[in-house]
There are 2 protein chains.
Amino acid sequence: MPATKGLASSVRMRDVAEHAGVSRMTVSRALNKPDSVKPELRQRVFDAVEELGYVHNHLARSLSSSRSNVIGLVLPSLENSIFAQTVKGISDVLRPTGYHLMLAESPDDPEEEEQVISAFVAQRVGGLILHGTEHSPAAVRMLRASHTPVVENGDLPKDPIDMVVSYSNRAASKAMTLHLARLGYSKIVFAGLASNPRAEERQKGFLEALQEVGQNPDMQKIVRVSRGFVGGEEAISHIAAHLPDTDALFCAGDVLAVGALFDCKRRGWAVPDRLAIASFDDVDLVRHVSPTITSLRLPRYEIGRRSAELLLQRINSKKSSVKKVDLGFEIVQRAST
Amino acid sequence: MPATKGLASSVRMRDVAEHAGVSRMTVSRALNKPDSVKPELRQRVFDAVEELGYVHNHLARSLSSSRSNVIGLVLPSLENSIFAQTVKGISDVLRPTGYHLMLAESPDDPEEEEQVISAFVAQRVGGLILHGTEHSPAAVRMLRASHTPVVENGDLPKDPIDMVVSYSNRAASKAMTLHLARLGYSKIVFAGLASNPRAEERQKGFLEALQEVGQNPDMQKIVRVSRGFVGGEEAISHIAAHLPDTDALFCAGDVLAVGALFDCKRRGWAVPDRLAIASFDDVDLVRHVSPTITSLRLPRYEIGRRSAELLLQRINSKKSSVKKVDLGFEIVQRAST
DNA sequence: AGTCATTAAGTTACCGGTATCAAAAATCGG
DNA sequence: CCGATTTTTGATACCGGTAACTTAATGACT
């Protein structure tokens, strides 16, 4: 049972009001719409606030006004710093508006995500940004029923809850695979994490590309690996053991690709001559290893910006303007392919 | 002006009460202390909740009960995934208790931090975990006045706001420097970020260690570098240009160390023969590069756990039990030294 | 069966703000 | 200088819950 007894109590608005010799309402106005209060009183209120160390109670404010100044963000994990840019994009938009961003972590599991979403809805946040695009029916029902503006981020889902700002995992994956094919690689293997809806889309894109270049979309060419650098090592081990004639490895994640590269070095495999390596997500690291790794640059920062902008727009005017924004991606060709 | 008109409205507790044919109070009890309501009514309430899609309003709950079920966490940045473990530690403790973690990002700047803290206090969070240990006087005053339980994390400050769970940056830095000296390195250079209170402590520890081994604590041996891999390159460039007889580089950050290692490779400098490299913060990456990098393992996960535990303990009983926990550190000797 | 203790449900007031409307003060035109 | 209009301030109710207390129901025991 959560409980904070005698919460941050102390100074209330009525204390400020008494201290300044005005009514509570005047204090409220001085704080929220300063222009509607005469300069003299306004100053008296500010002085009293300062003197008493009053901090506005957003709880009460939100409750009575049915407004919130909090935007919630649900991310699958903080281990991966790829979300840092998205967070920055959101923050940059929110900061000048007086809204605050609150972040919660939730693994890629609809049940767990539902808990987190429920907590945010319980806080009556003004809007929600979800990285995941797969949600429990209860969560969707809850969000719809509460009319909470929502932006989904991780992919372009077929059936969005509300708004979407993203790139297409499938299209990006397909494009990279075609890029590899165009470079002349013909025995491409795809390595990805299991149990991640985004990873599955990437898989599909890979298979589609194979088909498009006239190859058999063979599931044998897909390796499921663990998270982290070891995942890359697993991919290389698998290739060495079962698919020795592979000439290119496409990793559905930057850390995987770097792990694979390190393992190639240990084995003395030349990259890209023995094996080319391409990665998903153009993080700093892939530009600093040697050889530098060909990668997909995703508009992480821009996704954050647009998500926040759409949310605010939607909050401030019921107009359900844009609903779906595809920000695309970009292939960055480097030394590893 | 932040504003969410017609917030997540819809179903209120009174609607549930009517639907179930009981009083609001019974609904409240059924939800919060199920045992105090007879099974039959309880079931009726649950059914009504389900049917109507009711989501508890934490705003109202917190307001009227003066309790919050939210713990706030302020981190300087999400770019660095070192905080992921701390977040996990906190979450693991909080999850079974019904508390929720809300995270906010704030650069290492007391003024900006104050804004964030103020927002959390305005939400009347039940407790706060701060990574920074340097705060604006106004922020400290606010936190003290509001009686918000606070845990500081990033270092062991001389004058804590409330509670502290951390390791000592200075002691860790000193220990690593002494370790390098013991290994026989005598021309050690320290590379760190500027404008970061933790980095400064690490610097002090470095200088103290030099003095202890009878060397002149020379500021020349300290290089200030940029964030990211490039910082490591800057350090190496500086050494090459100005301190060519350096035999060991101690980087106050793992990314710096890896950046330095990469640059050594480009230059054909053997590590550790030409230059030894040691890092602060034992992240995954330093175990996967070659050679593996000697590092300081910090109890990031444990810091999260203990912080959350202390906070809960403090929240549940005014007893101001433990105030300061030093969780120490560990030197992991690897191939780079 | 009657009295008292215990448990379950309901009533009322209030948490700390804001919306709304009414009252008071200031502004203004003739 | 007065009445009408506009601006500023105040009074009151209410946002959606819970605490504290009261009343009704259940049970225990002499």
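Everything numeric here is computed off the predicted structure, so don't read it as measured data.

### Examining the sheet that holds strand S7 (residues 222-225) of chain A
Residues and elements named next belong to chain A.
Argument step 1. Read across the sheet, six strands follow the order S7-S6-S8-S9-S10-S12 without closing on themselves; strand pairing throughout is mixed. The open sheet has two free edges, formed respectively by S7 and strand S12 (330-332), since each of these has just one partner strand. Averaged over neighbouring strand pairs, the angle between their axes works out to 20 degrees when direction is ignored.
Argument step 2. Relative to strand S8 (residues 248-251), strand S6 (residues 188-193) is paired through four bridges, and the arrangement is parallel. Bridge pairing links Phe190 to Phe250 in S8.
Argument step 3. In the packing of helix H9 (residues 197-212) onto the sheet, contacts are made with S6, S7, S8 and strand S9 (276-280), and the angle to S6 comes to roughly 170 degrees.

### Concerning the relation of the copies chain A and chain B
Argument step 1. Rotating chain A by 180 degrees about the axis while translating it 0.2 Å along that axis superimposes it on chain B, leaving an RMSD of 0.2 Å. Both chain copies can therefore be described as sitting about a two-fold axis. Taking C-alpha positions as reference, the residue of chain A nearest the rotation axis is Leu103 of chain A, located at 2.4 Å.
Argument step 2. A high fraction, 99%, of the interface residues of chain A reappear at the interface in chain B, so the copies pair face to face through one surface.

### Brief notes about the environment of Asp15 of chain A
All names here are of chain A.
Argument step 1. Relative to the assigned elements, Asp15 resides in helix H1 (residues 13-20).
Argument step 2. On a C-alpha basis, the gap between Asp15 and Gly89 in space is 39 Å, while along the polypeptide they are 74 residues apart.
Argument step 3. When neighbours within four sequence positions are excluded, Asp15 is seen to be in contact with Ser10 and Leu52.

### Section: the protein's contact with DNA strand D
Argument step 1. Thr26 of chain A together with Met13, Ser28, Asn32 and Ser64 of chain B are the nearest of the 28 residues found near DNA strand D.
Argument step 2. Near the protein, within 4 Å, the atoms of DNA strand D are sugar or phosphate in 64% of cases.
Argument step 3. Within the side chain of Ser23 of chain A, one N or O atom sits 3.0 Å away from a phosphate oxygen of DNA strand D.
Argument step 4. At a separation of 2.9 Å, a phosphate oxygen of DNA strand D approaches a polar side-chain atom of Tyr54 of chain B.
Argument step 5. Of all the secondary-structure elements, those providing two or more residues to the surface near DNA strand D are helix H2 (24-32) and helix H4 (58-65) of chain A together with helix H2 (24-32) and helix H4 (58-65) of chain B.
Argument step 6. Looking at the surface near DNA strand D, the element that brings in the most residues is H4 of chain B, giving five residues.
Argument step 7. Here the surface near DNA strand D is built from residues that sort into 10 nonpolar, 10 polar and eight charged.

### A closer look at the protein's contact with DNA strand C
Argument step 1. The immediate surroundings of DNA strand C are formed by 27 residues, with Ser28, Asn32 and Ser64 of chain A together with Thr26 and Arg29 of chain B found nearest.
Argument step 2. What you see for DNA strand C is that sugar and phosphate hold 66% of its atoms within 4 Å of the protein.
Argument step 3. Ser64 of chain A places a polar side-chain atom, nitrogen or oxygen, 2.4 Å from a sugar or linking oxygen of DNA strand C.
Argument step 4. A distance of 3.0 Å is found between a phosphate oxygen of DNA strand C and a side-chain nitrogen or oxygen belonging to Ser23 of chain B.
Argument step 5. Secondary structure elements with two or more residues in the surface near DNA strand C: H2 and H4 of chain A together with H2 and H4 of chain B.

### Description of H4 of chain A
Argument step 1. Looking at H4 of chain A, one finds that the buried residues are His58, Leu59, Arg61 and Ser62 of chain A.
Argument step 2. Looking at the packing, one finds that the buried side of H4 of chain A touches H2 of chain A together with H4 and helix H6 (110-122) of chain B.
Argument step 3. Capping the start of H4 of chain A, Asn57 of chain A holds a side-chain oxygen 2.8 Å from the backbone nitrogen of Leu59 of chain A, two or three residues further along.
Argument step 4. Within two residues after H4 of chain A, Ser66 of chain A carries a phi angle of roughly 55 degrees, on the positive side.

### Here's the deal with the interface of chain A and chain B
Note on interface size: it is often stated as the accessible area lost on association of the parts.
Argument step 1. Between chain A and chain B, the contact holds 69 residues from the first and 69 residues from the second.
Argument step 2. The junction of chain A with chain B conceals about 6,200 Å² of combined surface from both sides, 59% of it contributed by carbon and sulfur atoms.
Argument step 3. For the pair chain A and chain B, the interface holds zero salt bridges.
Argument step 4. Viewed at the interface, chain B and chain A are joined by 10 residue pairs in polar contact (both at pLDDT 80 or more).
Argument step 5. Counting residues per element, the side of chain A that touches chain B draws most heavily on helix H6 (residues 110-122) of chain A, which supplies seven residues.

### Overview of the domain arrangement of chain A
Argument step 1. Assigned domains of chain A: these are domain 1 (13-56), domain 2 (70-167 + 301-328) and domain 3 (169-297).
Argument step 2. Put simply, the middle of domain 1 of chain A and the middle of domain 3 of chain A, counted by C-alpha atoms, are 62 Å apart.

### Some words on the nonpolar core
Argument step 1. Among the nonpolar cores identified, the biggest contains 144 residues, and Leu249 and Phe250 of chain A together with Leu249 and Phe250 of chain B are the most heavily contacted of them.
Argument step 2. In this structure, Val125, Ala139 and Val140 of chain A together with Val116 of chain B belong to the second largest nonpolar core, which totals 38 residues.

### Considerations on the pairing of strand S7 (residues 222-225) of chain B
It is a general feature of regular strands that their side chains alternate between the two faces of the sheet.
Residue and element names in this part refer to chain B.
Argument step 1. In this structure, strand S6 (residues 188-193) lies alongside S7, joined through four bridges in parallel fashion. If you follow Gly192 over to S7, its bridge partner there is Arg224.
Argument step 2. Note that the unit made of S6, helix H9 (residues 197-212) and S7 has a crossover that is right-handed.

### Concerning the side chain of Ser146 of chain B
Residue and element names in this part refer to chain B.
Argument step 1. Note on placement: Ser146 falls in helix H7 (residues 137-146).
Argument step 2. Assessed through its relative accessible area of 5%, Ser146 is described here as buried.
Argument step 3. Reaching out from Ser146, the side chain makes a polar contact with the backbone oxygen of Leu143 at a distance of 3.1 Å.
Argument step 4. For Ser146, the side chain forms a polar contact with the side chain of Thr148, separated by 2.6 Å.

### Examining the sheet that holds strand S9 (residues 276-280) of chain B
Residues and elements named next belong to chain B.
Argument step 1. Taken in spatial order, the six strands line up as S7-S6-S8-S9-S10-S12 in an open sheet, and their pairing is mixed. Each edge of the sheet is formed by a strand with only one pairing partner; in this case those strands are S7 and strand S12 (330-332). Each strand axis lies, on average, 20 degrees off the axis of its neighbour in the sheet, ignoring direction.
Argument step 2. Against the sheet, helix H10 (residues 229-242) touches S6, S7 and strand S8 (248-251), its axis set at about 140 degrees to S7.
Argument step 3. Helix H11 (residues 254-267) contacts S6, S7, S8 and S9 of the sheet and is inclined by roughly 160 degrees relative to S9.

About the cut-offs
- Residues numbered from 1 in each chain as written.
- Chains lettered and ligands numbered in written order.
- Predicted model: local features only at pLDDT ≥ 70, side-chain atom pairs only at ≥ 80, totals over all residues.
- Heavy atoms only, no water.
- Pairing = 2+ DSSP bridges.
- Helix = DSSP H or I, 4+ residues; strand = E, 2+ residues; numbered from the N terminus.
- Axes fitted to C-alpha atoms, helices over the stretch in contact; angles between N-to-C directions.
- Contact = heavy atoms within 4.5 Å.
- Least-squares fit on C-alpha atoms with pLDDT ≥ 70 in both.
- Near = heavy atom within 4 Å.
- Polar contact = N/O pair within 3.5 Å; in protein donor to acceptor, adjacent residues only side chain to side chain.
- Nonpolar A, V, L, I, M, F, W, Y, C, P; charged D, E, K, R; others polar.
- Buried < 20%, exposed > 50% of the residue type's maximum accessible area, 1.4 Å probe, protein only.
- Buried area = accessible area lost by both parts, 1.4 Å probe.
- Salt bridge = Lys/Arg side-chain N within 4 Å of Asp/Glu carboxyl O.
- Domains from an automatic or database assignment.
- Core = buried A, V, L, I, M, F, W, Y, C linked by side-chain atoms within 4.5 Å.
- Right-handed = clockwise from strand over helix to strand, strands pointing away.

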